[in-house]
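Chain by chain, the residues:
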Amino acid sequence: SSSVSLLISNGFSTTSLRQTPPCSIIGAKPCLPLEFFYRSGLGTLIIANANVADMSCLVRLKKKVPVDLVHNDPDDTMVTIGASHGWVASLKDDGILRLHDDLNPVASDTDPKRIQLPPLVTLPHCQTKIVTNVSMSSSSPEDDEDCVVAVKFLGPQLSFCKPAGKSSKPEWTNIKIENPCFYSSRVMFSKKDNMFRIPGSGGHLIGSLDLCEPNDKLKLQCVGFENLPPKLPTPLMDSCCMSQHLVESTSTGETFLVKQYRKTAKIVQGVAQMKTQFLMVFKLDDEGNAVYTQDMGDLTMFLSMSEPFCVPSTSFPGLLPNYVYILDFDETAMVSLVDGFPLVATTGKTDAPYYIPPQNILD
């Protein structure tokens, strides 16, 4: 209740359904006394609500969470690999993927939900150590029998599991993607189409997997780009690496294809830190037409190592409409779609670069 009070006082939604604003994970302060912290490994969760511009207004919850979910320890005994619907996924050296609701600001800290999935199965000539992202078809993997967890690995393998499926023992379904343009892509779940979708490199191809039609191959759709801006910053874009994201707005039913251009800003201790230079957003229709837009209307988009999402900005006073908020391991940025250039962009290490989507506040 104390955590909910803090969230409410920091700007919950104006809709009839009370929700927390989108937030990012800042850290976890070790619980005192230190003897308790060393014994338990717990800290109090610190978040930043996205609709509060002043970063000094951090929300320090009383909610206790495992510190190694927020700050991976030097031995990497806990490694978070992605997030979806407020759940964070971790993968240890034992090859077992686990789902945690600890970093969900309204989830219980006295009764945290932690779901252990079966050991990962590596297909021939594939790998299951490096993950591009995790996506879920619903926010209830613990009790929704139809909830599917999808894991996209760097390379050809894409794996699915139903944690609460009807079978007594959940198993992984593994697919080997033949087309190399999907090897570094991220998977997302389309609630509108009830399928998982993956954009290919460059965004010219989208692969889909229908949950209602068992299939071990992606259904492919070609994308045609329309209404490109007349003056693209070509020299800048040529010096950048490009990634693509599929983002769905559940409030409007629209699907967006985002092209993000990043380049090395500086090198710190031998590691290159990337910074967003330019962003293009396209509205995608069912026929594969991608129309460039500078206007998402009331929507605010969130890109991070969590599954991307959109929210109506008017539901959370303080959010900037028609902006894309970006959070990565080495960058925090805000991009206006009016011109596609970052309004705010900073580099620096972020241990848990996850935007948590709005969560329902239960009475």
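Definitions and cut-offs
Residues numbered from 1 in each chain as written. Predicted model: local features only at pLDDT ≥ 70, side-chain atom pairs only at ≥ 80, totals over all residues. Heavy atoms only, no water. Pairing = 2+ DSSP bridges. Helix = DSSP H or I, 4+ residues; strand = E, 2+ residues; numbered from the N terminus. Patch = residues over 30% accessible without salt bridge, like charges linked within 9 Å, V, L, I, M, F, W, Y side chains within 5 Å. Areas by Shrake-Rupley, 256 points an atom, 1.4 Å probe, with all protein chains shown as cover. Salt bridge = Lys/Arg side-chain N within 4 Å of Asp/Glu carboxyl O. Lys, Arg positive; Asp, Glu negative; His and termini not counted. Charge placed at Lys NZ, Arg CZ, Asp CG, Glu CD. Buried < 20%, exposed > 50% of the residue type's maximum accessible area, 1.4 Å probe, protein only. Disulfide = S-S within 2.5 Å. pLDDT = per-residue confidence, 0-100. Contact = heavy atoms within 4.5 Å.

- The name an unreviewed UniProt entry gives the chain is KIB1-4 beta-propeller domain-containing protein, with Brassica napus as the organism.

Looking at the sheet that holds strand β26 (residues 355-356)
Link 1 in the chain: Strand order across the open sheet formed by 4 strands is β3-β2-β1-β26, with antiparallel pairing between neighbours. Only two strands of the sheet have a single partner each, and these edge strands are β3 (59-66) and β26.

Observations regarding a negative patch on the surface
Link 1 in the chain: A grouping of E226, D285, D286 and E287 is seen on the molecular surface, where their side chains present a negatively charged patch.
Link 2 in the chain: Tracing the backbone through its elements, the reader meets E287 in the loop between β19 (271-284) and β20 (289-293).
Link 3 in the chain: Among the residues examined, E287 registers a relative accessible area of 59% and is labelled exposed.

Focus on the pairing of strand β21 (residues 299-303)
Link 1 in the chain: Burial analysis of β21 places 5 of its 5 residues in the buried class, which makes it a mostly covered element.
Link 2 in the chain: Here β21 shows a buried face lined by L299, M301 and L303 and a second buried face lined by T300 and F302.
Link 3 in the chain: As defined by bridge partners, β21 adjoins strand β22 (residues 309-312) across 4 bridges and the pair is classed as antiparallel. By the bridge assignment, F302 is partnered in β22 with F309.
Link 4 in the chain: Linking β21 to β22, which pair antiparallel, is a turn of 5 residues.
Link 5 in the chain: Inspection of the sheet shows β21 paired to strand β23 (residues 323-328) by 4 bridges, in the parallel sense. Within β23, the residue paired with L303 across the bridge is I326.

Brief notes about the state of the cysteines
Link 1 in the chain: Throughout the structure, instances matching the rule amount to 0 disulfides.
Link 2 in the chain: C57 takes part in no disulfide bond, and the closest cysteine sulfur, belonging to C23, lies 15 Å away.
Link 3 in the chain: Here C241 is not cross-linked by a disulfide; its sulfur's nearest cysteine counterpart is in C240, at 7.1 Å.

A closer look at the confidence of the model for the chain
Link 1 in the chain: Chain-level statistics for the chain give a pLDDT mean of 89 and a share of 92% at 70 or above.
Link 2 in the chain: No element of the chain has a lower mean pLDDT than helix α1 (residues 2-9), at 43, and none a higher one than β21, at 98.
Link 3 in the chain: Segment residues 1-10 is flagged for pLDDT under 50; beyond a separation of four residues in sequence, or across chains, it makes 24 contacts in the model.

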